[in-house]
Amino acid sequence: MLWVVSYPRATAAPVETRLPSVSYNRFAGTPAGSLVPEARVRADLGVIASYARSVRTYSSTRGLEHVPEIARELGLTVTLGVWIDTDDARNEREIASALNLARRYPNVTRLVVGNETVHRKELSPTALAALVRRVKRDSPVPVATADNWRTFIEHPELVDAVDEVFAHIIPYWEGASGGAATQTSLAIYQKLRAAYPDKPIVIGEFGWPSAGHNHLQAVPGPMTQAVVLRDFVARANEDGIDYNIIEAIDQPEKLFEGNVGPYWGILDTSLRPKFSWVGPLEDPEYWKATLLAVLVGALLSISAFALRDATVGQVTLLGGADQVIGDWWAHALLYWNGHYFLRGEVIAFAIGLPLLSLLTPIVLSKVGELARVAFGRGPVRLLRPAPMAPDGSTPTVSIHIPAFREPPEMLLRSIESVARLDYPNFECIVVINNTPDPAFWTPIERRCRELGPRFKFLRVDDLAGFKAGALRLALTETSADTEIIGVIDADYIVDPQWLKDLVPGFRDPEVGLIQAPQDHRDSHRSPIHAAMNAEYAGFFDIGMVERNEVNAIIVHGTMCLIRRAALEAAGNWSSDTICEDSDLGLTILELGWQARYTNRRYGWGLLPRDYAAFKTQRARWAGGAVQIVKKHWRRFLPGGSKLDRDQKREFARGWLNWLGADVVAVAAAILNLIGVPFIVLNIVAIPNLLLTLPVIAASLLSLVHFACAYRLRVAIPCRQMLGAMVVLMSVQWTVASAAFKAAFPARQAVFVRTRKGSGAGRNSRFTEMPEAVLATLLMAGACIVHASNPYRLVETDVFAAILLIQALPFLSSVALGVFERRRRSGRGRAVALRPECPFASPTCGGRIERQPQHGDLAP
């Protein structure tokens with residue numbers, strides 16, 4: 001895929017003679033309003049003389065009065081321009097200078113009074129006609145005025161005043177395609193001849209830009225410019241048409257025409273020709289870009305071919321993605337090789353390229369995961385249930401259940417499920433911290449006493465360290481012969497086979513921890529809860545399975561078993577972060593322990609109480625992840641830990657995919673919003689397709705990645721998959737803002753407990769105000785940008801589409817919040833509640849809908 005040109009070669013009619021005339025107007029390198037140095041004019045015309053027999057100027061002052069004399073020395077004739085605008089004093093100076101030059105230099109063949117003066121509405125046709133007649137009385141040569149061809153069709157009184165109709169016929173501004181440019185222009189020329197058969201018709205400007213935005217069907221390009229100009233010149237010469245080509249030299253300062261203004265010249269600013277007028281046409285930049293694309297793509301593809309046990313499908317998909325990304329980077333890096341440093345574009349690239357450089361590894365990571373899921377050989381490291389030791393020995397397991405102001409009936413169900421474990425050698429320690437109300441802990445204490453000595457009850461007030469503090473306390477009360485520590489949250493009901501199936505995995509002395517997935521038994525409560533559960537399932541059935549293949553799983557605090565020796569070697573539970581579980585798991589891996597994962601469900605908890613609680617939980621996870629990065633990054637340096645290359649890559653990629661993607665997306669949305677007024681006012685250029693198409697492509701890739709990975713790994717209905725997608729993207733602002741606050745904390749982070757269960761929410765206030773504001777502004781910005789694009793510039797419409805795409809996550813957050821409040825207030829559609837299903841079928845993998853087994857464990 002090539003971004004800059006479509007074809008490396010083209011053919012066009014040869015032009016073996018010099019052009020009859022080209023426009024010359026040079027102000028580059030001089031302060032606004034100052035004179036063009038005579039030396040500059042002489043150097044320019046010396047080169048132009050090789051390509052044209054005449055030059056057309058647009059002014060007779062400010063240094064351009066040297067043109068007739070220098071042109072005469074070079075054998076060039078001159079169509080001398082007289083600049084006319086609303087400045088009467090300058091108009092008089094222009095007229096006086098032009099008349100003087102026309103009298104002094106016989107190579108001045110005509111005067112052109114005004115350039116698109118009527119089109120710019122600076123003079124009326126009547127006033128301009130009067131001015132032309134006045135100049136004609138004193139001029140020794142024919143006098144004309146130059147304007148858009150429609151001006152002459154609509155104002156015959158202007159035609160009556162001139163000696164020649166000097167019409168601008170520019171197919172680009174007509175919106176014609178490159179292939180239709182010549183025919184469109186000649187049709188307009190014939191229309192003028194038919195309207196004014198007694199007047200000489202001169203095409204005062206004909207040209208095509210070599211770069212810039214499209215105008216309707218007209219698309220600039222270096223090859224298109226060469227083909228259009230050569231074909232037109234050959235045809236016009238054959239038909240005997242008098243014409244002038246715009247223009248001789250590029251003018252980077254000509255920004256009033258947008259980003260096409262600088263690129264009309266047949267020579268660049270260094271006076272080098274842009275193309276050959278004879279022979280085949282070839283774009284040298286094409287081959288530079290192609291070579292660089294191949295090199296960059298090959299460099300990126302090293303990782304694809306270095307994959308262990310990779311299939312042909314994996315390598316093909318990854319290699320193809322690497323080549324596409326390499327091609328894009330080649331053209332992005334070579335963009336300035338064929339473009340001028342225009343302020344607006346420099347600003348756009350300065351902002352866009354750093355963001356897109358972060359997007360590159362995110363995209364490659366998604367492609368890599370998609371390749372593994374769709375075309376890989378399948379997971380080989382998942383932990384399967386294993387029989388107990390032949391001698392019947394079983395390691396002692398201590399199950400720790402920390403609780404803080406948890407509903408007693410919920411915690412009692414968790415304790416009852418532990419009591420029914422089919423495992424002979426375990427204890428259970430329940431720690432209730434900072435909960436002085438006896439209503440919360442008295443029933444728990446009583447039930448633990450009834451269940452016997454293997455159930456220990458601890459209650460402590462003013463305990464510091466959040467959940468980690470409670471788990472540290474539990475460890476001090478753990479029996480001395482305990483080898484394995486199990487942790488479950490207070491809302492979890494466990495399968496009786498949990499320990500019996502998984503503890504044998506610790507027979508491998510290198511295994512430091514074993515993790516089972518989270519799952520939930522109340523997804524039937526509402527469509528939002530079903531979507532939440534589906535979103536969680538994607539992580540446990542896709543991400544965790546893939547991470548497990550390289551021993552890089554994330555410990556998530558419930559349904560985990562940890563070797564006591566590994567826990568103590570890691571320094572026990574830490575309160576340094578608000579994600580003590582992931583922090584501990586990474587520390588254990590850094591010490592060289594092995595971690596194992598099973599995707600079979602052995603426990604079912606409760607989902608966040610509502611959407612607001614879901615966002616609170618996600619904010620804690622995001623903030624905790626940033627804290628972990630800040631704490632552990634040095635251990636990812638060479639020699640910093642026992643992590644291998646694959647583990648480091650997987651953790652880095654995970655952080656980048658989750659935190660980086662949301663932070664980059666929100667930052668890009670905010671920057672685009674800030675840029676909208678500057679773009680509409682033409683202060684900053686509309687972002688080039690090099691900067692916008694990758695965003696569209698990455699968005700489509702995210703959809704494909706999500707849909708394919710879910711369909712292949714998570715057995716849920718399509719409606720739940722769609723809900724999971726909406727829920728996932730709805731927390732973009734939540735994740736990004738939490739990550740930012742954790743990266744630049746104003747105060748110490750606080751562990752916020754996730755409200756669970758079906759109780760009443762604390763309030764029904766509108767909590768999605770930031771998302772609502774961003775969504776509204778982005779949609780309004782898209783409408784404004786679209787409305788400011790009457791000529792359907794592709795770049796403008798693509799930018800408007802990106803603003804709408806960026807609004808979707810914020811809109812989804814607002815929609816889910818509104819739906820949740822309507823549901824809780826009773827105005828939403830009622831959802832029939834089904835009996836809770838605490839156990840899953842062993843064969844159902846990651847399914848969301850469960851079948852009950854082993855009876856109901858409610859106390």
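Our subject is the structure listed above.
These figures come from a predicted structure and were not determined experimentally. (Residues numbered from 1 in each chain as written. Predicted model: local features only at pLDDT ≥ 70, side-chain atom pairs only at ≥ 80, totals over all residues. Heavy atoms only, no water.)

Trainee: Just checking my understanding: could you explain the overall build of the protein chain for this structure?
Mentor: In terms of regular secondary structure, the protein chain is built from 25 helices and 19 strands. Here the C-alpha radius of gyration of the protein chain, 37 Å, is well above what a compact globule of 859 residues would show, namely 29 Å. Taken along its principal axes, the extent of the C-alpha atoms in the protein chain is 120 × 55 × 45 Å. Across the 859 residues in the protein chain, those meeting the buried criterion constitute 56%. Put simply, of all contacts in the protein chain between residues at least 6 apart along the chain, 79% involve residues at least 24 apart. Accessible area for the protein chain stands at about 35,900 Å²; split by element, carbon and sulfur atoms hold 59% of it. (Helix = DSSP H or I, 4+ residues; strand = E, 2+ residues; numbered from the N terminus. Rg over C-alpha atoms; globule rule 2.2 N^0.38 Å. Buried < 20%, exposed > 50% of the residue type's maximum accessible area, 1.4 Å probe, protein only. Contact = heavy atoms within 4.5 Å. Areas by Shrake-Rupley, 256 points an atom, 1.4 Å probe, with all protein chains shown as cover.)

Trainee: Even after reading the chapter, I still don't get empty space enclosed by the protein, so can you show me in this structure?
Mentor: If a probe the size of a water molecule is rolled over the atoms, the empty space left behind becomes visible. Under the counting rule described, the total for this entry stands at one cavity of 30 Å³ or more. Put simply, the largest cavity is a space of about 40 Å³. Tallied by class, residues from the lining of the largest cavity come to three nonpolar, three polar and three charged. (1 Å grid on protein atoms, 1.4 Å probe; cavity = no way out; pocket = protein on both sides within 12 Å on 5 of 7 lines; lining within 4 Å. Points joined across faces, edges and corners; volume = space filled by probe spheres on them. Nonpolar A, V, L, I, M, F, W, Y, C, P; charged D, E, K, R; others polar.)

Trainee: How should I be thinking about the pattern of salt bridges in this particular structure?
Mentor: One side chain can pair with another of opposite charge once the charged atoms of both are near each other. One pass over the structure, following the stated rule, counts 43 salt bridges. Where Asp461 meets Arg459, a salt bridge forms, and the shortest distance between an N and an O atom there is 3.0 Å. The exposure class assigned to Arg459 is partly exposed, which follows from its relative accessible area of 34%. Measuring nitrogen to oxygen at the nearest pair gives 3.5 Å for the salt bridge that ties Asp610 to Arg755. A residue pair is termed long-range when its members are at least 10 positions apart, and Asp610 in the loop between strand S19 (603-604) and helix H19 (611-632) and Arg755 in the loop between helix H23 (732-743) and helix H24 (769-787) qualify at 145 residues. Arg755 shares its class with Asp610; the two are buried. (Salt bridge = Lys/Arg side-chain N within 4 Å of Asp/Glu carboxyl O.)

Trainee: I keep staring at the environment of Pro424 and nothing clicks. Help me out?
Mentor: By the secondary structure assignment, Pro424 is in the loop between helix H12 (408-419) and strand S12 (426-433). Linking Pro424 and Leu411, residues 13 residues apart in sequence, is a C-alpha distance of 22 Å. Here Pro424 is in contact with Thr394 and Arg454, once residues within four sequence places are set aside.

Trainee: So what exactly am I meant to see when it comes to H23 here?
Mentor: In an α-helix, one turn spans 3.6 residues, which is why side chains three or four residues apart end up on the same side. Its 12 residues give H23 an end-to-end C-alpha distance of 16 Å, which sits within 8% of 16 Å, the value for a rise of 1.5 Å per residue. In the core, the buried residues of H23 are packed alongside H19, helix H20 (645-680), helix H22 (718-730), H24 and helix H25 (794-825). (Expected span 1.5 Å × (residues − 1).)

Trainee: Would you mind going over the nonpolar core with me for this structure?
Mentor: Side chains that are nonpolar tend, in soluble globular proteins, to be buried together. Leu45, Ile48, Leu111 and Ile245 are the most contacted members of the largest nonpolar core, which has 82 residues in total. Looking at this core, the element that brings in the most residues is helix H8 (residues 222-239), giving seven residues. Those residues within four positions of Ile245 in sequence are excluded, and the remaining contacts are Leu19, Ser21, Val22, Ser23, Phe206, Leu229, Phe232, Val233 and Ile266. The next biggest cluster of nonpolar side chains, apart from the first, holds 51 residues, and it includes Met532, Ile553, Ala595 and Val731. (Core = buried A, V, L, I, M, F, W, Y, C linked by side-chain atoms within 4.5 Å.)

Trainee: Help me understand the packing of helix H16 (residues 527-548) against helix H21 (residues 689-713) in this model?
Mentor: Between two packed helices, what matters for the description is the angle formed by their axes and the separation of those axes. Close contact between H16 and H21 brings their axes to 10 Å; oriented N to C, the two are set at 85 degrees. Put simply, H16 runs roughly perpendicular to H21. Contacts between H16 and H21 involve Ala534, Glu535, Gly538, Asp541, Ile542, Val545 and Glu546 from the first element and Ala709, Tyr710 and Arg713 from the second. Among the residues making up the contact of H16 with H21, the classes are represented as five nonpolar, one polar and four charged. (Axes fitted to C-alpha atoms, helices over the stretch in contact; angles between N-to-C directions. Parallel < 35°, antiparallel > 145°, perpendicular 65-115°, else oblique.)

Trainee: Would you mind showing me how to read the sheet that holds strand S18 (residues 594-597) here?
Mentor: Strands pair in a sheet through their backbones, by hydrogen bonds, and they do so in one of two ways: parallel or antiparallel. Taken together, seven strands build an open sheet; the order of strands is S13-S12-S11-S14-S17-S16-S18 and the sheet is mixed. The two strands at the open ends of the sheet, each matched to only one other strand, are strand S13 (455-460) and S18. Averaged over all adjacent pairs, the angle separating strand axes in this sheet is 20 degrees, with direction ignored. In this structure, strand S11 (residues 396-403) lies alongside S12, joined through seven bridges in parallel fashion. Counted as the bridge partner of Ile399 is Cys428 from S12. Here H16 sits on the sheet in contact with strand S16 (511-515) and S18, set at roughly 150 degrees to S18. (Pairing = 2+ DSSP bridges.)

Nothing here speaks to function; it is all geometry.
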